[in-house]
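Residue-level structure breakdown
Residues per chain, in single letters:
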Amino acid sequence: MRKTLFLFIAFLAFVPSLKAQTAGTPEVENLKTLYKSLEYNTLAFDDLKQKWMVDDPTFIREIFNRFVVRNALRLDGRIPKVDLIKERSKLVQEGEVTIEVRKRYYDDELEFFAFYPSVEIGKENPQALFDPIYDGFLLKEIVGDKSYEKIKELTYFYKETTKEQVYTKLGYNFDVNLNLLRPEVMFWDVTTEGSNKYLLSIFGQWGSDKALWPGWYLNEYFAGARLTYFKSLSNDPDKFTYRLSIGAGFPSNRPYKDKMTVDRLWVSGTSIYAKIEGYPFTFIDSDFMKDILFSVEGKATPIDNKKSDYGKYTTIQDFYSNRTFLNWELRKRNLLNVFDFGQLEVGLILSSSDIFNYRLDPAQSAVIDLEKGRKSFMQKFNHIISAEVGVRKSSGLIQHSVNIAAGYGTDGYGFVGLKTFAMLSGNFGFDAGIYSSFSVNRTKFPYRYDTYIVFSPILRINY
Amino acid sequence: MKRLLTIIMVAGFLFQPLVKAQEADDFIRNIDLKLRKDKKYLNLNFVDLAGTEKLLQNLNPVPRVDGKDPFVFKANDNYTYRLVFLTNAIGVDSTVLLYINEIIAAGAGDSANIFGANQAGGPTESMVIAFNDMHSLMGSDYGKYSTLVEYIDRLQKIDPEYKYGSLLGITPDDAINTSLGMISRDNTDFLNFMRANALHWYPKVAQKSSTKKGRGAGATTDVASSSDFRIDAGFSSVSFSHKAMDFSFGAAGVELTLEEPVLHALPFGNNTLGFGFRTLLNLAKDNKNPNGGMILDARLLGRIRMNTADIVTNLPFALNAKSNFHVGTSAAVDLHVTRPFGMPFLNAYIAIGGRGYSSPYVTFNDRTVANQKYAYFSFTQAEGSFSFYWNTNDKLSSRFRVDVGLGYYDMLKAYYPGGRTTAAKTEVVDNTISPVVTLYYTFAPEQNDIFGIKARIFDSVVKGEAWLKLLELDGGHTFRFASTVFSDPIGRAIREWENQGSVFFQIRYRYGF
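None of these values were measured; they are calculated from a predicted model. (Residues numbered from 1 in each chain as written. Chains lettered and ligands numbered in written order. Predicted model: local features only at pLDDT ≥ 70, side-chain atom pairs only at ≥ 80, totals over all residues. Heavy atoms only, no water.)

Points about the overall build of chain A
Across its full length, chain A holds seven helices and 23 strands. Its C-alpha atoms put chain A at 125 × 50 × 45 Å along the principal axes. Buried residues in chain A amount to 48% of all 463 residues. As displayed, chain A has an accessible area near 23,900 Å², and 59% of this comes from carbon and sulfur atoms. The positive charge centre, built from 60 side chains, and the negative charge centre, built from 57, are 3 Å apart in chain A. (Helix = DSSP H or I, 4+ residues; strand = E, 2+ residues; numbered from the N terminus. Buried < 20%, exposed > 50% of the residue type's maximum accessible area, 1.4 Å probe, protein only. Areas by Shrake-Rupley, 256 points an atom, 1.4 Å probe, with all protein chains shown as cover. Lys, Arg positive; Asp, Glu negative; His and termini not counted. Charge placed at Lys NZ, Arg CZ, Asp CG, Glu CD.)

Following this line, the structure appears as structure tokens:
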């Protein structure tokens, strides 16, 4: 009987106590909810509110002591035992405590204050030394007006941890992408159905990376009009459905003076340029196939330059000229996320480009093809097969694309290269490429360089 | 041992409510403190009731805690009782009455508060039923508590349009931010830019609201009154227009200018004086929105030869400035069209002159032929571009514009052997088509134009222009400090007809803008 009574008393004593530690009574829970609901809710801005960590050990001692004096320290809502306070005070004395503070969004008052052991900083769910304070006025009551103002003044050692909001969104009102190597100005857009979008733009492209004539090394700039179609609007600029570019080639100079140790390519006529690219397998219900980009681009020179178009020359000039190229590319995007650095992608490229060897003789009325009769049209072509592996990220503060490229051609030489592109918040950035060729017979191919370096800053304004 | 354990357990059982009471007391005290101190962030509502309201009188007396006497609502019209409550909060599914304040009308206080807070003569407000009392009332006399809550709820049930009073001291609607800036869908950005930066006057529109982030509609606007005449005068150009020159669908103005917009030359550097007429036409007038519709801003200019070469080298406000070429007598057209066919804002400029080589003002000695001189002439200049505008926020204080297009000019060389003043031979030395990119920034807080800067890159030369408002006198007289800077060519050698890096300063007076 006594045993039963003992067990009954034990049950009565312990069970409510255990329950209280986890959930509290309805009254306490209601009061807690009410307390947290009094303020204008700014939950959506929690991550953007001014936040910092007080790191000044002397100031932390001062504030902590105010909590002790006012008996304001709480642990799970209860007044902690003296021994526990003494034990945790040692961390304060040793300078191993940091205070995290957060301000309200619309005014200057504090809305969060907590002591953290230094070892907890950086953890996903750091455990506070004591219960945080969620009300600046309560904090003011505890630490006093002067200390409260001092906390807000930031005139002590602290670490600012306020998040800077950075969004990069693709707008479809206009897009001015000033990149010397591949500029584009989108000037017209229309939606015809659902959330689709047709975009018209003027584009430029300097040289052809795929034919190993990057940037100014081709001495030809392609410019024209581009139609881009998005079946459904996207924040990823490369997630269009298809894109068609048509333009013409224009002779271009270089932005620097070189030593002319390599024969420059000349432009020997008026060329036309076209490129079509898109995701042709979107109709297949497969995530893998939907991200396969196919593109084909080409240049042809149907109109030859007249002799007078080359300018005045009094001596014989032998020169090389590229008149045609055709590039095929198959690229698989979004293979996998590489440590949040970007999405892995691979590309396979086949490029065919010709080289003509001409002579400009003042004594002759026309330009002479020095290989006429010795080489057929197809024999003037060099076919390069190359592969690219890289990562690409098109959102966040920094958007980038880094690709390692390697290729080998039927002329018996190859190249390795690095193509990089980076933008800061979608506005400023650079586009660069470096290619190193190997096994080049300079006697047979005097127009080939050992190293190609192209670079352009980027200013992009998109709304 | 068993006895000791029993005592501990019984003590634990007995003290358990006390622990919980401490937590509840903490919350009650904290809530009360917050309700009294926080004057800005409390998202609470209130309803005011006159002391004579039967509802209140029926509640008398209201018990209070902490040894305070029960409260009695005074049946007096000078007494108002403010019921403060919380509604519509996460986790709170019904109205929670928090406290009641007593507001005594000015001069109506009883003898007890003659020397109280009401000495200044305004109404006094004091908390008569605090949160602790109200919380206790909910438990001890729920009927009275629920009577008040039901009354509050009924107000909106009867009239869904009824608005409770609010204690919220912040105005989130005034602090709405956008992170990605905005552009206007109508001509607001174009007109704002032109008003701040153009030589000519643009009708001012008192803007109510005209823009929306990204794609959105325009809005209503009112045309504002302006001065009878407007003038913009500086050392390099002057414009003038009068109300008499305004017409129903536009306005007109005249100008004199010593500037050349395409070539690399400071004011006074092209050996011409330009004079012209400017017309602003609202082609598709949108009566609902004066900032909408299609606007054509056209300038027709005539330029006559004038020897400014001698002037520019002696101007104290032109540094390292020389005139090395001639533009010659010519005619020019400058057009700005707002969004033709849904495209961006379009700018077009073309100047064409007759090929007159006689009597050049600036000549160079020919080193290859003795006793022969030569001079440079440009007879055609053109530029076409699209303009894109954007603002960093919806306050329109930081405004950007970028122009992207193509520019063209020719440059010819004329030879004068043996002291002749007519050319014996001419040749084309430059026939340049080059991309042109111009970036503008205007700082105009509260629609007040303070500062503007422009950087233009064309044919490897950077041209910078900037202005800064110096002072604004009563009556709308404004003075600006303005400057124009040219760089040396970048990435190519300087041509003989080009000027090296040079600077031009001036003070501009503006009235009626």
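Some remarks on the confidence of the model for chain B
Residue and element names in this part refer to chain B. Here chain B shows a mean pLDDT of 86. Residues at 70 or above account for 87%. Note that pLDDT drops below 50 for residues 111-118; the model gives that stretch 10 contacts with residues more than four away or on any other chain. Across residues 208-223, confidence stays below pLDDT 50; counting only partners more than four residues off in sequence or on other chains, it has 49 contacts. Here the prediction assigns the complex a pTM of 0.75, and the interface score ipTM is 0.73. (pLDDT = per-residue confidence, 0-100. Contact = heavy atoms within 4.5 Å.)

Considering the packing of aromatic side chains
Tallying each qualifying case throughout the model produces 78 aromatic pairs over all chains. With 5.2 Å between their ring centres and 80° between their planes, Phe67(A) and Phe115(A) make a pair best called edge-to-face. Of this pair, Phe67(A) sits in helix 3 (residues 57-69) while Phe115(A) sits in strand 3 (residues 110-117), and the two are 48 residues apart along the sequence. Each member of the pair Phe67(A) and Phe115(A) is classed as buried. Measuring from ring centre to ring centre gives 5.7 Å for Tyr162(B) and Tyr164(B), while their planes differ by 75°; the resulting arrangement is edge-to-face. When its relative accessible area of 29% is taken as the criterion, Tyr162(B) is described as partly exposed. Among the aromatic residues, those joined into a cluster by ring pairs are Trp206(A), Trp213(A), Trp216(A), Tyr217(A), Tyr221(A), Tyr320(A), Tyr413(A), Phe445(A), Tyr447(A), Tyr449(A) and Tyr452(A). Over the ring of Tyr440(B) we find Arg401(B), and its NZ or CZ is 4.7 Å from the ring centre. Its guanidinium or amino end placed over the ring of Phe513(B), Arg510(B) lies 4.1 Å from that ring's centre, counting from NZ or CZ. (Phe/Tyr/Trp six-rings, centres within 6.5 Å; stacked < 30°, edge-to-face > 60°. Lys NZ or Arg CZ within 6 Å of the ring centre and 35° of its normal.)

Things to note about the nonpolar core
Counting 76 residues, the largest nonpolar core has Phe67(A), Phe113(A), Phe115(A), Ile151(A) and Leu98(B) as its most contacted members. By size, the runner-up hydrophobic cluster in this structure holds 28 residues, among which are Trp213(A), Ile384(A), Tyr435(A) and Phe445(A). (Core = buried A, V, L, I, M, F, W, Y, C linked by side-chain atoms within 4.5 Å.)

Some remarks on helix 2 (residues 26-37) of chain A
Spanning 12 residues, helix 2 of chain A covers 16 Å between terminal C-alpha atoms, matching the ideal 16 Å at 1.5 Å per step. Those residues of helix 2 of chain A that sit buried are Val28(A), Leu31(A), Leu34(A), Tyr35(A) and Ser37(A). (Expected span 1.5 Å × (residues − 1).)

A few points about the sheet that holds strand 2 (residues 97-103) of chain A
Residue and element names in this part refer to chain A. Taken in spatial order, the four strands of this open sheet run 3-2-1-4, and their pairing is antiparallel. At either end of the open sheet lies a strand with only one pairing partner, and these are strand 3 and strand 4 (158-160). For this sheet the average axis-to-axis angle between neighbouring strands, irrespective of direction, equals 20°. When strand 2 meets strand 3, the two strands line up antiparallel, connected through seven bridges. Residue Arg102 lies in a different strand from strand 3, and its bridge partner there is Phe112. Its contacts with the sheet put helix 3 on strand 1 (51-54), strand 2 and strand 3, and the angle it makes with strand 3 is roughly 105°. (Pairing = 2+ DSSP bridges. Axes fitted to C-alpha atoms, helices over the stretch in contact; angles between N-to-C directions.)

Regarding the environment of Leu273(B)
Residues and elements named next belong to chain B. Relative to the elements of secondary structure, Leu273 occurs in strand 12 (residues 272-282). Expressed as a C-alpha distance, the spacing of Leu273 and Glu259, which sit 14 residues apart in the sequence, is 8.1 Å. Setting aside chain neighbours within four positions, we find Leu273 in contact with Leu256, Thr257, Leu258, Gly302, Arg303, Ile304 and Met306.

Considering the pattern of salt bridges
Applying the stated criterion across every chain yields a total of 68 salt bridges over all chains. Note that Lys380(A) and Asp369(A) form a salt bridge whose closest N and O atoms lie 3.5 Å from each other. In this pair, Lys380(A) sits in the loop between strand 18 (368-369) and strand 19 (381-393) while Asp369(A) sits in strand 18, placing the two residues 11 residues apart along the sequence. Residue Glu255(B) is joined to Arg299(B) by a salt bridge in which the shortest nitrogen-to-oxygen separation is 2.8 Å. Taken together, the residues span a long stretch of sequence, with Glu255(B) in strand 11 (residues 250-257) and Arg299(B) in strand 13 (residues 295-305) at a distance of 44 residues. Just as Glu255(B) is buried, Arg299(B) falls in that class too. (Salt bridge = Lys/Arg side-chain N within 4 Å of Asp/Glu carboxyl O.)

Concerning the pairing of strand 17 (residues 356-360) of chain A
Regular strands place side chains that alternate from one sheet face to the opposite one. Residues and elements named next belong to chain A. Summarising burial for strand 17: four of the five residues are buried, a large majority. Pairing of strand 14 (residues 317-321) with strand 17 involves five bridges; the strand directions are antiparallel. Bridge pairing links Phe319 to Tyr358 in strand 17. Pairing of strand 17 with strand 18, which is carried by two bridges, proceeds in the antiparallel orientation. Paired with Arg359 across the two strands is Ile368, which belongs to strand 18.

What to know about the pairing of strand 3 (residues 96-104) of chain B
Residues and elements named next belong to chain B. The buried fraction of strand 3 is high, at nine of nine residues. Examined bridge by bridge, strand 2 (residues 79-86) and strand 3 share eight bridges and lie antiparallel to one another. Residue pairing across strands places Thr80 opposite Ile103, the latter belonging to strand 3. Examined bridge by bridge, strand 3 and strand 4 (residues 124-129) share five bridges and lie antiparallel to one another. Bridge assignment links Ile104 to a residue of strand 4, and that residue is Thr124.

A word on the confidence of the model for chain A
Do not read the predicted coordinates in detail wherever pLDDT is low. All names here are of chain A. Overall, the predicted model of chain A reaches an average pLDDT of 89, with 93% of residues at or above 70. Least confident of the elements in chain A is helix 1 (residues 2-22), whose mean pLDDT is 48; most confident is strand 15 (residues 325-332), at 97. Residue range residues 11-23 is modelled with pLDDT below 50. Its contacts to residues more than four positions away, or to other chains, number 13 contacts.

Describing the environment of Ala21(B)
All names here are of chain B. Following the sequence through the fold, Ala21 ends up in helix 1 (residues 2-37). Classification of Ala21 by relative accessible area gives partly exposed; the value is 31%. Residues Ala21 and Ala318 lie 297 residues apart in sequence; the distance between their C-alpha atoms is 83 Å.

Re the sheet that holds strand 18 of chain A
With mixed pairing, four strands are arranged side by side in an open sheet as 11-14-17-18 (chain A). Two strands bound the open sheet, and with one partner strand each, they are strand 11 (265-266) and strand 18 of chain A.

Details of a nonpolar patch on the surface
All names here are of chain A. A contiguous nonpolar patch, built from Phe294, Leu326, Trp328, Leu330, Leu348, Leu350 and Ile385 and spanning about 600 Å² of accessible area, is present on the exposed surface. Those elements that place two or more of their residues in the nonpolar patch are strand 15 and strand 16 (343-354). Among the elements that take part in the nonpolar patch, strand 15 stands out by supplying three residues, more than any other. Topologically, Leu348 is positioned in strand 16. (Patch = residues over 30% accessible without salt bridge, like charges linked within 9 Å, V, L, I, M, F, W, Y side chains within 5 Å.)

Let's talk about unusual backbone geometry
Residues and elements named next belong to chain B. Geometrically, the link from Asn60 to Pro61 is a cis peptide bond, its omega value of -10° lying close to zero. Look at Asp459: it is not a glycine, yet its phi comes out positive at around 55°. Here Asp459 is to be found in the loop between strand 22 (451-458) and strand 23 (461-473).

What about the packing of helix 3 of chain A against helix 4 (residues 82-93) of chain A?
All names here are of chain A. For the pair helix 3 and helix 4, the least separation of the axes is 10 Å and the interaxial angle reads 165°. Here helix 4 runs roughly antiparallel to helix 3, going by the angle between their axes. Once helix 3 is placed against helix 4, the crossing between them reads as left-handed. Between helix 3 and helix 4, the residues in contact are Ile60, Arg61, Phe64 and Val68 and Ile85, Ser89, Val92 and Gln93, respectively. Residue composition of the contact of helix 3 with helix 4, grouped by class: five nonpolar, two polar and one charged. (Parallel < 35°, antiparallel > 145°, perpendicular 65-115°, else oblique. Left-handed = near helix turned anticlockwise from the far one by under 90°. Nonpolar A, V, L, I, M, F, W, Y, C, P; charged D, E, K, R; others polar.)

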